[in-house]
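Examining the three-dimensional arrangement
What follows is the residue order along each chain.
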Amino acid sequence: AYCLLTSHIEVTATSRHYVDRLFDPDPQKVLQGVIDMKNAVIGNNKQKANLIVLGAVPRLLYLLQQGSSSSELRAECAVVLGSLAMGTENNIKSLVDCHIIPALLQGRCMLTVCVTPCQDPTVIPHLMSLLSRSQRTQEYITQIFSHCCKTPEHQTVLFNHGAIQNIAPLLISPSYKVRMQALKCFSVLAYENTQVSMTLVNVLVDEELLSQVFVRMMQRDQPIDMQLTAAKCLTYMCRAGAIRTDDSCIVLKTLPCLVRMCSKERLLEERVEGAETLAYLMEPDVELQRIASVTDHLVAMLADYFKYPSSVSAITDIKRLDHDLKHAHELRQAAFKLYASLGSNDEDIRKKITETENMMDRIVSGLSESSVKVRLAAVRCLHSLSRSVQQLRTSFHDHAVWKPLMKLLQNAPDEVLVMASSTLCNLLLEFSPSKEPILESGVIELLCSLTQSDSPALRVNGIWALMNMAFQADQKVKGEIVRALGTEQLFRLLSDPDSNVLMKTLGLLRNLLSTRPHIDQVMSSHGKQIMQAVTLILEGEHSIEVKEQTLCILANIADGNTAKELIMTNDDILQKIKYYMAHSNVKLQLAATFCISNLIWNEEDGSQERQDKLRELGFVDILHKLTQASDPNLCDRAKTAMQQYLA
Amino acid sequence: MAELGAGSLLLGDPAFNYQEAELNERLKRLYPAVNEDETPLPRSWSPKDKYSYIGLSQNNLRVHYKGHGKNHKDAASVRATHPIPAACGIYYFEVKIVSKGLDFLSSLLPLSPIPGWDKHSYGYHGDDGHSFCSSGTGQPYGPTFTTGDVIGCCVNLINNTCFYTKNGISLGVAFTDLPPNLYPTVGLQTPGEIVDANFGQQPFVFDIEDYMSEWRAKIHGMIARFPIGERLGEWQAVLQNMVSTYLVHHGYCATATAFARATETLIQEDQTSIKNRQRIQKLVLAGRVGEAIEATQQLYPGLLEHNPNLLFMLKCRQFVEMVNGTDSEVRCFSVRSPKSQDSYPGSPSLSPRHGATNPNLHSAGADSPTCSNGVTPPNKNKSHNKYPGVSSASSSSSSSPSSVNYSESNSTDSTKSQPHSGTSNQEETSDSEMEIEAEHYTNGVAENPSARIMNGTYKHQEILQAQDISLGNGVAEDSCASRQLCGGNQAATERMIQFGRELQGLNEQLCREYGKNVTHKKMLQDAFSLLAYSDPWNCPVGQQLDPMQRENICSALNSAILESQNLPKQPPLMLALGQATECVQLMARVRSGSCSFARVDNFLH
């Protein structure tokens, strides 16, 4: 509803035509209508007034907010509204009466206007200059900034226009609304932005450090919104590396404040934000995780997040039920996230989490929820807990978490897949009782397909899982892996640009090449390609770890009965082994020596000839030298090898 | 006990005294509602209430274990000297684990009311992190703690819960439904175990003040949102009446009239009556008690006759003012400038003393009105000149604009409006004095020794005053150095002695009529004692000469007059304030912890 301005406005037929076109069922025509309207109103106050009277504003707003509108249409609508706002005071008033400001903020049409500075570089400086006008402009402009700032580029643009210096003084404004909007603006600016965060820590407001201003805003007698937003600012500054994680303003202020936000006394929205921010704060720091795990019964407090909608709300209050339902997903995913963060490093915390009432059941049902957000958070939580040997052996098996996990892997967005496959890697560890049932469920094909993904993370997880699967596996499983993966794919992975993928592929090879009969079998069928790949890697520019792993593969090959000959007959490889025995890195020396040691081992057939050949090639001299090595392991290994000659 | 000896030896240590001061200051800040006369706060472990296996040292703050520690029977504990007063609202103390001892079996039982220990005791175990409540079986609660950790215990007496902290981190509620009168307690079980307590001697690791602020905000919010409902209109009338009666009571005549006009309410007392009271009050506050008595007798005949106690109090005060040299009976002998005589420090409006700090508020009507307008500024320079020193001026004072100003407005205003007339007064009087002084000076030798003393005094005064004037501000009045008995006038002194005799006579008469009165006797003794000292202003009973002392008698007289007119002797505003204050104190006595954050002061701005 909007008010008629004056009674004597002449409503012309053309004006009505413009408005009518906004209701055309054909979006293309609507767009053209809006463009025509734009051209008609420019500089024409009378036309603007006419259109407003005819009800153009609510329709334009509707089109602007409609998700189905094309971005082009929305931009044009915003421009027309902007144009209408440039008219008389009365016009602006009727626009405001139509609740245009929240709509504009929500609709983010200001985004198109102010964060595309190439289009109009004057907007941001203009808004900055308006900051000094009044408390009202301060409140709205900071609000516009926080709503519009969506990407790192936006942050940089605002930063370069002096947002920090201009907005910092507003933090001590006498108006609560201004303080609050300024604070929100900082939280948006600092989020994952090192440049902004590093600048913020050094900013003084009225001779006080900004972090101290934020700490004051987190005091318990401050409004919750302010406490929460101030805690966000400090969290983002901490995560960006501007504040140390052991700083008392984090440990004794920000963290406890965020834990309080998770309490039952807070609104559901606040609890969601509090939990998510806390999860983010402590994700990389085990000490913060330990502190949070004992703060105010946080682990038990989070269990309450799963109790919405509560049975009480359903019976007593429809409104409340609706409210609860709306937030139920958000609450659950926030709790899963926080559990995931809490349990990412510390075994005791993981134990505490799994012992929380119905925890495993909740994760299991979370894995198959309709909301992707909840599924993702649940699998993150499961992943975090799957790092525990004890949990893998007990609760994971008891609750057959592999079943929903496998289901999740069938058809999920990439981000869920990454987490789920990573969790699967842990479930496939040799000591995990879930390994057997997973194998039987035909997971190999799935994992092999992951190794072909475009996403390096998925490739790593796929090959990693296969590697774990192959560890101490029987011949049947190994054969199946090789068959399903295909040698072509295996060798493609050995030249993968991602070094993690390479490492895990080598690990898989190593696991395939263990125990003598397996070594001989694999080498007899794929020996040529494997030796080629090994040569290539040893010649290439790779990290020490990759080379070490490769040498270990050689050592495994050297342990085979027939496979040995593939090395003994390959002088190139022998020269390489020799080279690495004299390498400056002890790990490589050790791996190479191990390889030689396997070749000259006495108890096996043909050992004498191999010993002789290697002596000829000068290996004994090297071994002799290595018996004097300063590294005790290397020294021992060399001595053991030398003994083969003496026996 | 050896530990006790060690404690007392340390008493002389300056560091300890400093710590003691810090402790007092912190406790006062944390628990402003606690009346330590009634309910002392725990400050150390009690050497009496402890097991023999417990040793105390470092002012009874350090606890060490000296038993065998072989099994649970060897556990020992010690409690603090006093239980936690409910008026704390929220109480907190910390214990630092200095040494964990030989093995990891120890406990902390911070709360136990009686040395019986097992019943009604609540604790948090260091070795397993369990909490236990009146029994040997614990519940999983928090993390374990060991050497170097600081463990805190917070008792919330508002909702009767308790939580512990470890190194400044709250571990969450441990117990609910706690009984009252808990003692901070610590229990040890391992040889070599040492813990240090912090009852406020040092800053706490946990930010307890932040936690308190949350509860203060909660309770203030509760009070602010207290539903008034449909009585809204009534409410306003009550408030208006409160303000109006307060203004009338203190004689702020014009303000009261203006207020009544604005709010369309009626004033019960008529204007003349208000002005009369105002005049009498002003006389008392100026130290001219004799005139005040006279005026009272004239305006309210029979009042003082019916109140012999009040009359006696007034006369006593008059005597004191004679010593002070302020009362007109001695003043008439003096030609001195009023400067050194009117030593009232500050403006003549009542000193600002907020209601809640005065415990006798509604029980004793004689008390000064507790809520004065504004702050009394300590600028003696300007305000003390408000009383023109010439004794005869008193009757005209009420008609002078400046004095109306004084009585109507609060002190800050009055000082603003005063300087002009004040300064001119000052110059006038000092000018005339200059002449007198000059005469004396040229006369040279005085005729008799007493006159010479007089001259000398004058001269001394004169120099001081000349300085004052030339500097404009500077040292306004060096009253201590120049004050003399009855202004240094011998005739005045004689008059005072005579008055003293009359007062003595009045006392004896009252004794005959009404029997002995200890208060009177004491009053008289104190007043006469002033004469025993060469410098009465700096003697053990010199307090009496402080012009602040006029306030009590002034409000007593005002109340008596009001009462005689069938008006309330106390304004309802003060009554309400007093009731609220008393109520909060009552809450403390019935152990309602929220009293700590519902203090009346918090609402007086």
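Use the structure listed above.
Described in the following lines is the structure provided in the data block. The shown structure was predicted, so the numbers you read here are calculated from the model rather than taken from an experiment.

**So, the interface of chain A and chain B**
When the parts of a complex come together, some accessible area is lost, and that lost area is often used as the size of the interface. Contact with chain A, which involves 14 residues of that partner, is made by 18 residues of chain B. Summed over the three residues of chain A that lose the most area to chain B, namely A:Arg220, A:Val294 and A:His297, the buried surface amounts to 46% of that side. Our count for the chain A to chain B interface comes out at four salt bridges. A salt bridge links B:Asp210 to A:Arg220; its shortest N-O distance comes to 4.0 Å. Put simply, chain A and chain B have six residue pairs in polar contact (both at pLDDT 80 or more) between them. Taken together, the elements giving at least two residues each to the side of chain A that touches chain B come down to α17 (248-261) and α19 (286-294) of chain A. In terms of residues, the side of chain A that touches chain B owes the most to one element, α17(A), which gives five residues. Residues of the side of chain A that touches chain B, tallied by class, amount to five nonpolar, three polar and six charged.

**A word on unusual backbone geometry**
All names here are of chain A. Of note in the backbone geometry, Glu-192 takes a positive phi value of approximately 50° without being a glycine. Within the fold, Glu-192 resides in the loop between α13 (176-190) and α14 (194-201). Positive phi, normally seen in glycine, also occurs at Gln-472, with a value near 55°. With respect to the helices and strands, Gln-472 occurs in the loop between α32 (456-470) and α33 (475-485).

**Topic: the packing of helix α31 (residues 443-450) of chain A against α32(A)**
All names here are of chain A. Between α31 and α32, the least distance of the axes is 7 Å, while the angle of their chain directions is 140°. Every pair of crossing elements has a handedness; the one defined by α31 and α32 is left-handed. The residues of α32 that touch α31, namely those facing Val-443, Ile-444, Leu-447, Cys-448 and Leu-450, are Leu-458, Arg-459, Gly-462, Ala-465, Leu-466 and Met-469. Taken together, the residues that form the contact of α31 with α32 break down as nine nonpolar, one polar and one charged.

**Topic: the packing of aromatic side chains**
Residues and elements named next belong to chain B. In total, this model carries 23 aromatic pairs over all chains according to the counting rule given. Judged by centre distance (5.1 Å) and plane angle (75°), the rings of Trp-45 and Phe-199 are edge-to-face. Taken as a pair, Trp-45 in strand β1 (residues 45-50) and Phe-199 in the loop between β14 (193-198) and α3 (208-224) lie far apart in primary sequence, 154 residues in all. Accessibility expressed as a relative area gives 0% for Trp-45, which makes it buried. Plain terms: the ring middles of Tyr-92 and Phe-206 are 5.6 Å apart, the flat faces sit at 45° to each other, and that makes the pair tilted. With Tyr-92 in strand β5 (residues 90-100) and Phe-206 in the loop between β14 and α3, this pair connects stretches of sequence that are 114 residues apart.

**Things to note about the nonpolar core**
Residues A:Phe214, A:Leu342, A:Leu554, A:Ile567 and A:Ile577 are the most contacted members of the largest nonpolar core, which totals 193 residues. In terms of residue count, the dominant contributor to this core is helix α16 (residues 224-239) of chain A (ten residues). With residues near it in sequence (within four places) discarded, A:Leu342 still touches A:Met282, A:Gln289, A:Ala292, A:Ser293, A:Leu298, A:Val299, A:Leu302, A:Ile349 and A:Ile353. Ranked by size, the runner-up nonpolar core spans 63 residues in total, among them A:Val294, B:Val34, B:Tyr92 and B:Met212.

**As for a nonpolar patch on the surface**
Taken together, the side chains of B:Met222, B:Ile223 and B:Phe603 define a hydrophobic patch exposed on the protein surface, amounting to about 290 Å² of accessible area. By secondary structure assignment, the location of B:Met222 is in helix α3.

Parameters at a glance
- Residues numbered from 1 in each chain as written.
- Chains lettered and ligands numbered in written order.
- Predicted model: local features only at pLDDT ≥ 70, side-chain atom pairs only at ≥ 80, totals over all residues.
- Heavy atoms only, no water.
- Contact = heavy atoms within 4.5 Å.
- Buried area = accessible area lost by both parts, 1.4 Å probe.
- Salt bridge = Lys/Arg side-chain N within 4 Å of Asp/Glu carboxyl O.
- Polar contact = N/O pair within 3.5 Å; in protein donor to acceptor, adjacent residues only side chain to side chain.
- Helix = DSSP H or I, 4+ residues; strand = E, 2+ residues; numbered from the N terminus.
- Nonpolar A, V, L, I, M, F, W, Y, C, P; charged D, E, K, R; others polar.
- Axes fitted to C-alpha atoms, helices over the stretch in contact; angles between N-to-C directions.
- Left-handed = near helix turned anticlockwise from the far one by under 90°.
- Phe/Tyr/Trp six-rings, centres within 6.5 Å; stacked < 30°, edge-to-face > 60°.
- Buried < 20%, exposed > 50% of the residue type's maximum accessible area, 1.4 Å probe, protein only.
- Core = buried A, V, L, I, M, F, W, Y, C linked by side-chain atoms within 4.5 Å.
- Patch = residues over 30% accessible without salt bridge, like charges linked within 9 Å, V, L, I, M, F, W, Y side chains within 5 Å.
- Areas by Shrake-Rupley, 256 points an atom, 1.4 Å probe, with all protein chains shown as cover.

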